[in-house]
Amino acid sequence: MSGDLSSVCSKAIGDAKDDLNHLSNEIWKNPELAFQETHAHNVLTDFLENKGFRVERNFIKKTGFRATYGSGDGDGVHVCVMCEYDALPSLGHAAGRNLSSEASVAAALGIQAAIKQQQKLGKVTVLGTPATEGGGGKLDMINEGCFDGIDFAMLAQPLNENIAAPVTLNILRVRVSYAGKAAHASTQPWEGKNALDAAVACYSNVALMRQQLKPTWKINGIITNGGLKPNIIPEETEMLFYLRAPEQTDLMFLQQRATACFVAAAKATGCEVNFEFLDKPYHNVVHNSVLANLYKKHAESLGLQFSTDEEVLQCSTGSTDMGNVSHVIPCVYPAFDIKTQAPIHTQAFTEASSAAEAQQPVLQCAQAMAMTALEVMQQSQIMSDIRNEFETIDAVHTPVIAGTNPFP
């Protein structure tokens, strides 16, 4: 890789560090839920437009965007870096997506600077993808063909470890509702059918089932509607469960086991059950090893130290719609340590996501992503290796069951 271009790339990121920090803080201070990220959309698109990118606002979704630099003509490589910017209810940016966006924008600035020096390198696209937290904004973009013509994509996630290719799980969401019969809880309870009893039985069934699940299989749930008043036997209740597993075949089996729990609770309480496996299941991330190894090499050269603990490396970091993208084009989705011991989805991680200590690692991550892209853009054989690996890995899995399943 050309040292001159690498220096140009790093300088562009370093020169913008104060602006990038301000951008990240603007997103952090204004947490917005899925598909409501208006402020984040506006500050990101304004920033990129001011830096010379051609920006398309409200792209596919109201809070989606696309920003491009370079012509993409000839034999150049088309690189995509993605931004995520939705927050969590009550916790704010407990997944640190303000930092994820900062890293992607910073990487794009570095790649842009290199393209300014050598236009034949190709093109960089910054894709703003809303609603990672359950809304599946990237799936909407996949369905609209937004990744057509892109050679590979990158996105980084803040964490408390540096991992080049972290494990993620397939996820399927299911909404379960029970219908019973209302009655006065103290005068004529025998006239009722208690839908809350059904929900509690369902939750207990699932909890008991966990004893026989593999350690990598996960099922978590909450009761979202448990009734109205204690003296009214609940006529309707509702629950929401997340099912996760490393492989689609595992997820299908877990789905069947969970379905048996839902139905058994209805039979035991005389209630009716209805369950719907929701649209937009997320797939596991298939990391391209060529990209992951390049990223790790450049990140280590910048001073990042990667975990060698197998327990850490094999532990799931959750689920993401980046997984779906990785089944469409080659991807890498590294995790970077933001200098905290706090786990994600906690108030402590929210605070760490705005701390000054996070700024050095986020910029090192951005430089590593930009240098990874630059090396691929300069060496056609590497791009060929990336494509060959992607084509040989079987990224097609049996689809999970979906739809509504009534039990009378």
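The text that follows walks through the structure, step by step, so that each part is easy to find.

Definitions and limits used
- Residues numbered from 1 in each chain as written.
- Predicted model: local features only at pLDDT ≥ 70, side-chain atom pairs only at ≥ 80, totals over all residues.
- Heavy atoms only, no water.
- Axes fitted to C-alpha atoms, helices over the stretch in contact; angles between N-to-C directions.
- Helix = DSSP H or I, 4+ residues; strand = E, 2+ residues; numbered from the N terminus.
- Left-handed = near helix turned anticlockwise from the far one by under 90°.
- Contact = heavy atoms within 4.5 Å.
- Nonpolar A, V, L, I, M, F, W, Y, C, P; charged D, E, K, R; others polar.
- Expected span 1.5 Å × (residues − 1).
- Buried < 20%, exposed > 50% of the residue type's maximum accessible area, 1.4 Å probe, protein only.
- Arc of directions from axis to C-beta.
- Polar contact = N/O pair within 3.5 Å; in protein donor to acceptor, adjacent residues only side chain to side chain.
- Phe/Tyr/Trp six-rings, centres within 6.5 Å; stacked < 30°, edge-to-face > 60°.
- Lys NZ or Arg CZ within 6 Å of the ring centre and 35° of its normal.
- Pairing = 2+ DSSP bridges.
- Salt bridge = Lys/Arg side-chain N within 4 Å of Asp/Glu carboxyl O.
- Lys, Arg positive; Asp, Glu negative; His and termini not counted.
- Parallel < 35°, antiparallel > 145°, perpendicular 65-115°, else oblique.

1. Details of the packing of helix α6 (residues 195-209) against helix α7 (residues 248-269)
Running from N to C, α6 and α7 cross one another at 145°; their axes reach a closest spacing of 8 Å. For the crossing formed where α6 meets α7, the hand is right-handed. Contacts from D197, A198, A201, C202, N205, V206 and M209 in α6 reach L254, R257, A258, C261, F262, A264, A265 and T269 in α7. Of the residues contributing to the contact of α6 with α7, the split by class is 11 nonpolar, two polar and two charged.

2. Remarks on helix α8 (residues 289-301)
Counted at 1.5 Å a residue, the expected span for α8 with its 13 residues is 18 Å, and the 18 Å between its end C-alpha atoms agrees. Those residues of α8 that sit buried are L291, A292, L294, Y295, H298 and A299. All buried residues of α8 lie within an arc of 165° about the axis, which places them on one face of the element. Of the exposed residues in α8, the ones pointing more than 90 degrees away from its buried face are N293 and S301. One side-chain oxygen of the residue at the start of α8 lies 3.2 Å from the amide nitrogen of V290, identifying that residue as N288. Phi turns positive, to about 110°, at G303, one or two residues after α8.

3. What to know about the packing of aromatic side chains
Tallied over the full model, the rule gives seven aromatic pairs. Aromatic side chains F65 and Y85 sit 6.0 Å apart centroid to centroid with 15° between the ring planes, which places their arrangement in the stacked category. With F65 in strand β2 (residues 65-69) and Y85 in the loop between β3 (77-83) and α4 (97-117), the pair connects residues that are 20 residues apart, well separated along the chain. Its relative accessible area of 0% is what places Y85 among the buried residues. Put simply, the rings of F241, F262, F275 and F277 pair up and form one aromatic cluster. Sitting above the plane of the F35 ring, K61 keeps its charged end 5.5 Å from the centroid.

4. Notes on the pairing of strand β10 (residues 272-277)
Because side chains alternate across β10, one face comprises the buried residues V273, F275 and F277, and the other comprises E272, N274 and E276, none of which is buried. Inspection of the sheet shows strand β7 (residues 170-179) paired to β10 by six bridges, in the antiparallel sense. By the bridge assignment, V174 is partnered in β10 with F277.

5. Quick word on the sheet that holds strand β11 (residues 331-332)
Taken together, six strands build an open sheet; the order of strands is β1-β2-β4-β3-β5-β11 and the sheet is mixed. The two strands at the open ends of the sheet, each matched to only one other strand, are β1 (54-57) and β11. Bridge count for β1 against β2 is four bridges, and the pairing is antiparallel. The partner of E56 across the bridge, within β2, is R66. In the packing of α4 onto the sheet, the strands contacted are β2, β3, β4 (122-128) and β5 (152-154), and the crossing angle to β3 comes to about 155°. Where helix α12 (residues 359-378) meets the sheet, its contacts fall on β3, β4 and β5, and the angle it forms with β5 comes to roughly 165°.

6. A word on unusual backbone geometry
Here K339, not a glycine, exhibits a phi torsion of approximately 65°, which is positive. In this fold, K339 is placed in the loop between β12 (335-337) and α11 (347-352). The exposure class assigned to K339 is exposed, which follows from its relative accessible area of 57%. Phi is positive for H345, which is not a glycine, with a value near 65°. Along the chain, the position of H345 falls in the loop between β12 and α11. The exposure class assigned to H345 is partly exposed, which follows from its relative accessible area of 37%.

7. Some thoughts on the pattern of salt bridges
Summed over the entire model, instances satisfying the criterion amount to 16 salt bridges. Of the charged contacts in the structure, one is a salt bridge between K11 and D15, with a shortest N-O distance of 2.7 Å. Of the two residues, K11 and D15 both sit in helix α1 (residues 3-15), four residues apart, roughly one turn of that helix. Assigned by exposure class, K11 and D15 land together as exposed. Because the salt bridges share partners, they merge into one network encompassing E84, D86, R97, E133, K138 and D321.

8. Remarks on the side chain of E102
Counting through the fold element by element, E102 comes out in helix α4. Here E102 sits buried without a salt bridge, and the closest side chain of opposite charge, K17, lies 11 Å off (N-O distance). Within the structure, E102 has its side chain in polar contact with the side chain of Q359 (distance 3.1 Å). Look past the residues within four positions of E102 in its chain and what remains in contact with it is L20, N21, S24, Q359, V362 and L363.

9. A short note on the packing of α8 against α12
One way to put it is that α8 packs onto α12 with a least axis distance of 8 Å and a crossing angle of 130°. Put simply, α8 runs oblique to α12. The element α8 and its partner α12 pack so that their crossing is right-handed. Contact residues: L291, L294, Y295, K297, H298, A299 and S301 in α8; C365, A368, M369, M371, T372, E375 and V376 in α12. Tallied by class, residues from the contact of α8 with α12 come to nine nonpolar, three polar and two charged.

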